[in-house]
Amino acid sequence: NPNRGDTLLIVGAGVWGVNAALEFHKRGYKITVIDPTILKGSNPHSSSYDISKIVRSDYGADEIYTKLNERAIDRWHELNRHYGESLYHEDGVLSMTREPIRDGTFVGDSLKVLSKLRSDGTIRTLSQEDIEREYPLFKDLKLPFVAGYWNARGGWAESGLAVTRLNETLRSLPDVTLIPSAMAKLIYAPDSTRRVIGVETIDGQQLHADWTVVTAGAWTSYLLPWLQPSLIPTGQMVMHFKLPSEYQERLQEFTAPKFPVIFLDTVVTGFYIFPIHPKENVIKIAHHGAGRAFPKNAMTPEFLEEMNRQAFPHEEKRFRKFLQESLPALQDAEVVYSRLCLYCDTFDGDFFISHDPSREGLFVASGSSGHGYKFGPVMGEVIADILENKESEYSHRFRWRMWEGQERKQDVCRAPEDDPSQIPQSNL
């Protein structure tokens, strides 16, 4: 069992890794963190990067994730106060659907759970008339949104900036060692092939610790290959659009409260949209579906440098078709930036946070499956508690589990599988 005062090596300083490092330091562990960009800020290859990430408690009938994010939102507000800047923008989340709201659907179940957990007026059901009156950009669509709800307690985080600020805090702490490198392999005890005592870096440094905690996101199953295919790296396309000239004088129409974070029948389309960014002056649109598949063992430094992170023609075409149907004001908008957001998918959509039962001293906190960033401010506690073997609903839900041919699942608001013929499998 871990003892406070033990040495602890954290591999990866994305939003989970840096929050875990801060929590472990608070609990008295002696911390070493290894990440190629630990001395600079947020890693541009990581999923924690980019200008924004959604913060939502909308999880269908799943109360575990809903309640966990309610705690996370409180912590996001604390971070705003601590840093004296808006790392989290509570612009609200608008969920719309093209079908009537009913039980057993993402929108229906989310509305039911959130309404049960809150009695403060932050949840409001919307009819088609309400939607078209309050959000006129969605009026007169050929395929109208006929129902939805407004969740005032949600919004978005300045994702890359938040991780940069947390890393700055980590760098200011005493007794924390930061190594700007990457893991090459585990180091085992000389007398054992089952006891991990640290890692060797790509530049040959040997780092020893009582506990090695891998928070490496999409790189996890490359670094720990026995986790393939339980943890699978995938890529989701993100695009930033320039507001068309005819709307430049009407920015309020793309700014909260007229334009919050919006789920546009996301469980069907895969798409969600952010309000215009107050600094970058772009509208970010993201897709939460099957995404790009990568070849086995692909997450090498060379692959990452050569990988095409721009949108393929079929991907931009899909975005344009969605906009034509759902937000015509942007259907011809200029794409000023596109990026591949890397996921680490589990086979069931749940996080993967546990001791490795076959390797003493090794702990894995990964498998965020495209919906882990928002929980960042509370994940340090979750990860530390599970490392310390504290039983909870999280330790069971996020337990060690391997894919053995069972049906693959995903989180409740993720769109169905894309057409495999449209996903290039090589030269990515």
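A brief report on the enclosed structure follows.

**Considerations on the side chain of Arg397**
Take Arg397: it is sitting in helix 11 (residues 393–397). Here Asp62 takes part through its side chain, which lies 2.4 Å from a polar atom of the side chain of Arg397. Engagement of the side chain of Arg397 in a polar contact is seen with the side chain of Asp350, the distance being 2.8 Å. Look past the residues within four positions of Arg397 in its chain and what remains in contact with it is Asp62, Ile64, Tyr65, Asp350 and Phe351.

**Considering the packing of aromatic side chains**
Under the counting rule described, the total for this entry stands at 22 aromatic pairs. With centroids separated by 5.9 Å and ring planes inclined at 45°, the aromatic side chains of Tyr59 and Phe375 adopt a geometry described as tilted. Linking Tyr59 in the loop between strand 3 (53–55) and helix 2 (63–83) with Phe375 in the loop between strand 21 (362–366) and helix 10 (376–387), this pair joins segments that are 316 residues apart in sequence. Of the residues examined, Tyr59 reaches a relative accessible area of 1% and is grouped as buried. One aromatic cluster is present, built from ring pairs that chain together Trp16, Tyr59, Tyr65, Phe351, Phe375, Tyr394 and Phe398. In this structure, Arg98 packs its charged tip against the face of Phe145, placed 4.2 Å from the ring centre. Across the ring face of Trp403, the terminal group of Arg408 is positioned such that the distance to the ring centre comes to 4.2 Å.

**Considering the environment of Leu111**
Tracing the backbone shows Leu111 in helix 3 (residues 106–117). Along the primary structure Leu111 and Asp74 are separated by 37 residues, whereas in three dimensions their C-alpha atoms are 20 Å apart. Each residue touching Leu111, except ones within four places of it in the same chain, is listed here: Ile101, Ile123, Thr125 and Tyr149.

**A few points about the environment of Arg318**
As for its position among the elements, Arg318 is in helix 9 (residues 313–326). Residues Arg318 and His287 lie 31 residues apart in sequence; the distance between their C-alpha atoms is 9.9 Å.

**Remarks on the environment of Pro278**
Mapping Pro278 onto the fold places it in the loop between strand 16 (271–273) and strand 17 (282–287). Judged by relative accessible area, Pro278 falls into the exposed class, the value being 55%. Along the primary structure Pro278 and Thr255 are separated by 23 residues, whereas in three dimensions their C-alpha atoms are 8.7 Å apart. In this structure Pro278 touches His89 and Trp156, once residues within four positions along its chain are discounted.

How each quantity is defined
Residues numbered from 1 in each chain as written. Predicted model: local features only at pLDDT ≥ 70, side-chain atom pairs only at ≥ 80, totals over all residues. Heavy atoms only, no water. Helix = DSSP H or I, 4+ residues; strand = E, 2+ residues; numbered from the N terminus. Polar contact = N/O pair within 3.5 Å; in protein donor to acceptor, adjacent residues only side chain to side chain. Contact = heavy atoms within 4.5 Å. Phe/Tyr/Trp six-rings, centres within 6.5 Å; stacked < 30°, edge-to-face > 60°. Buried < 20%, exposed > 50% of the residue type's maximum accessible area, 1.4 Å probe, protein only. Lys NZ or Arg CZ within 6 Å of the ring centre and 35° of its normal.

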